[in-house]
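Coordinate inspection notes
Residue strings, one per chain:
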Amino acid sequence: MERQDSPSAKWWQLAFGIVCMAMIANLQYGWTLFVDPIDARFHWGRTAIQFAFTLFVATETWLVPVEAWFVDRYGPQVVVFFGGVMIALAWVIDAYAESLPVLYLGAVVAGIGAGAVYGTCVGNALKWFPHRRGLAAGATAAGFGAGAALTVVPIAKMIATSGYQTAFLTFGLIQGAVVIGLSFLLRKPRTAVPVTRKSLHLPQARVDRTPSEAVRTPVFWVMYAMFVMVASGGLMTAAQIAPIAHDFKVADVPVSLFGLQMVALTLAISLDRILDGFGRPFFGWVSDTIGREPTMFIAFGTAAAAVIVLLLFGRNPIVFVLATAVYFGVFGEIYSLFPATCGDTFGSKYAASNAGLLYTAKGSAAFLVPFASMVAAAYGWSAVFALIIGLNLAAAALALFVLRPLRMRYLSAAEPADETARAVQLA
């Protein structure tokens, strides 16, 4: 007889996943601290250096479906262990990189490692919590969103005192070691937990759709397009926040807020990570309550409003800190809402693989990051902010007026076929 999981097992698995995600957060959200120091030493230019960030995000996201296949075949332990080795190796490479090709190599290695950890932990959470997908995916993604908050100040100080190479080497080895240690504790559920539809207020699929079936639906591609729209703005801002702060002349201005006193850039990045981490499970919980698409509409609209404030008043250091904090507080919810919506639409069995395919939208969005650098150089940051505002408003409209009715029709049309299939099976 198969052993049953203890009631506390799913919460331990969720906790292990969150910590693993926190350890890979700096690969994305700590990167902005290294851009100007690297440029100051080698004078490669921001655009050329930021292409490493694009390579990282593209590799991280586009390989997730492959890594999800390895998870299904070999389990989460092996894949996360491999990810821990790769993220440590990546920052060691960055520490010794003295040419752009080597820096790009480090970005690719980092992307492979981060994708292995990210895809595994989010997919595992969706399987352990079929009744609370929004909350579970949000809590796991919160580790990635907020994990950098604990290390932004130490990394910034180490860069200032010992150089960016020392920061790369030290934090890379620490982060990799923690992930490797936790990899031995991760596992998937011993038994699948069926979804009790009557207990949910959310429309959900009655049967599981394979990845090949999911990508043949218009619903998937509408979600993919929306994901690209919103993720591109967040990635642009995350990668460029330090250059923006320097160009706005607020980066080194001391600011006191909420009992904290530090320069505006460091405080902004710290608050961004905290609110980003808080927003992911919060909006996941909200979406479990009021629905996925209405939550998307609220979040995307708020993001557009925050960028408008940043555009108009961002040269005030306090406004800069608060506006970016609000923006990231509502941006990170895409990493909880889209996996949850994907699971609702296409079922639990292939939730990790389907969510992994959808997550590749982040890789597509990453190619707009160097484009933002070029636009900023030619037309200023106002043009970049206008692009971000437009994309968020378009995604908000699509969520409520296109995705919601499209999903309802898809799920309604699938139910009669599902009932017929079950009747034939019973006969």
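Thresholds, definitions, all that
- Residues numbered from 1 in each chain as written.
- Predicted model: local features only at pLDDT ≥ 70, side-chain atom pairs only at ≥ 80, totals over all residues.
- Heavy atoms only, no water.
- Buried < 20%, exposed > 50% of the residue type's maximum accessible area, 1.4 Å probe, protein only.
- Helix = DSSP H or I, 4+ residues; strand = E, 2+ residues; numbered from the N terminus.
- Pairing = 2+ DSSP bridges.
- Contact = heavy atoms within 4.5 Å.
- Patch = residues over 30% accessible without salt bridge, like charges linked within 9 Å, V, L, I, M, F, W, Y side chains within 5 Å.
- Areas by Shrake-Rupley, 256 points an atom, 1.4 Å probe, with all protein chains shown as cover.
- Salt bridge = Lys/Arg side-chain N within 4 Å of Asp/Glu carboxyl O.
- Disulfide = S-S within 2.5 Å.
- Core = buried A, V, L, I, M, F, W, Y, C linked by side-chain atoms within 4.5 Å.
- Phe/Tyr/Trp six-rings, centres within 6.5 Å; stacked < 30°, edge-to-face > 60°.
- Lys NZ or Arg CZ within 6 Å of the ring centre and 35° of its normal.

With that settled, the discussion passes to the pairing of strand S1 (residues 254-257). Residues Val255 and Leu257 point to one face of S1 and are all buried, whereas Pro254 and Ser256, pointing to the other face, are not buried. Sheet topology note: the S1/strand S2 (residues 260-263) ladder contains four bridges and is antiparallel. Among the inter-strand pairings, serine 256 is bridged to a residue of S2, identified as glutamine 261. Between S1 and S2, which pair antiparallel in sequence order, lie two residues; one of them, phenylalanine 258, sits at a positive phi of approximately 55°.

Here we come to the environment of glycine 172. As for its placement among the helices and strands, glycine 172 is situated in helix H9 (residues 164-183). Glycine 172 gets classed as buried once you look at its relative accessible area, which sits at 0%. In sequence terms glycine 172 and methionine 23 are 149 residues apart; their C-alpha atoms lie 9.2 Å from each other. Setting aside residues up to four positions removed in sequence, glycine 172 forms contacts with Ile87, Ala88, Trp91 and Ala167.

A cluster of nonpolar residues, Leu63, Val66, Trp69, Phe70, Tyr74 and Val78, forms a patch on the protein surface that exposes about 570 Å² of accessible area. Here the nonpolar patch gets four residues from one element, more than from any other, and that element is helix H4 (residues 64-74). Relative to the helices and strands, leucine 63 is located in the loop between helix H3 (46-62) and H4.

The next subject is the state of the cysteines. According to the stated counting rule, one finds zero disulfides in the structure shown. Cysteine 121 provides the cysteine sulfur closest to cysteine 20, a residue in no disulfide bond, and the two sulfurs are 4.7 Å apart. The buried category is assigned to cysteine 20, whose relative accessible area is 0%.

For the rest of this paragraph, the subject is the side chain of arginine 407. Take arginine 407: it is sitting in helix H18 (residues 381-426). Once residues within four sequence positions are removed from consideration, arginine 407 is found in contact with Pro203, Val219, Arg292, Glu293, Thr341, Asp344 and Thr345.

A few words now on the nonpolar core. Phe300 and Tyr335 are the most contacted members of the largest nonpolar core, which has 132 residues in total. Counting residues per element, this core draws most heavily on helix H11 (residues 218-247), at 17 residues. In this view, phenylalanine 300 contacts Met226, Val230, Glu333, Ile334, Phe338, Asn392, Ala395 and Ala396; residues no more than four positions away in its chain are not counted. Counting residues in each nonpolar core, the second largest holds seven residues, with Leu14, Ala125, Phe129 and Ala139 among its members.

This brings us to the packing of aromatic side chains. In total, this model carries 28 aromatic pairs according to the counting rule given. Taking the centre distance of 5.3 Å and the plane angle of 80° together, the rings of phenylalanine 51 and tyrosine 104 count as edge-to-face. With a gap of 53 residues between them, phenylalanine 51 in helix H3 and tyrosine 104 in helix H6 (residues 100-128) connect regions that are remote in the sequence. Residue classification places phenylalanine 51 among the partly exposed residues on the basis of a relative accessible area of 31%. Of the residues examined, tyrosine 104 reaches a relative accessible area of 18% and is grouped as buried. Both rings, one in tyrosine 327 and one in phenylalanine 328, keep their centres 5.3 Å apart while their planes meet at 80°; by these two values the pair is edge-to-face. Grouping residues by exposure puts tyrosine 327 and phenylalanine 328 together as buried. Each member of the aromatic cluster is reached from another via a ring pair, and the members are Tyr118, Phe227, Tyr327, Phe328, Phe331, Tyr335, Phe338 and Tyr359. Lysine 362 extends its terminal NZ or CZ atom over the ring of tyrosine 118, reaching a point 5.7 Å from the ring centre.

Function-wise, these values are silent; they only describe arrangement.
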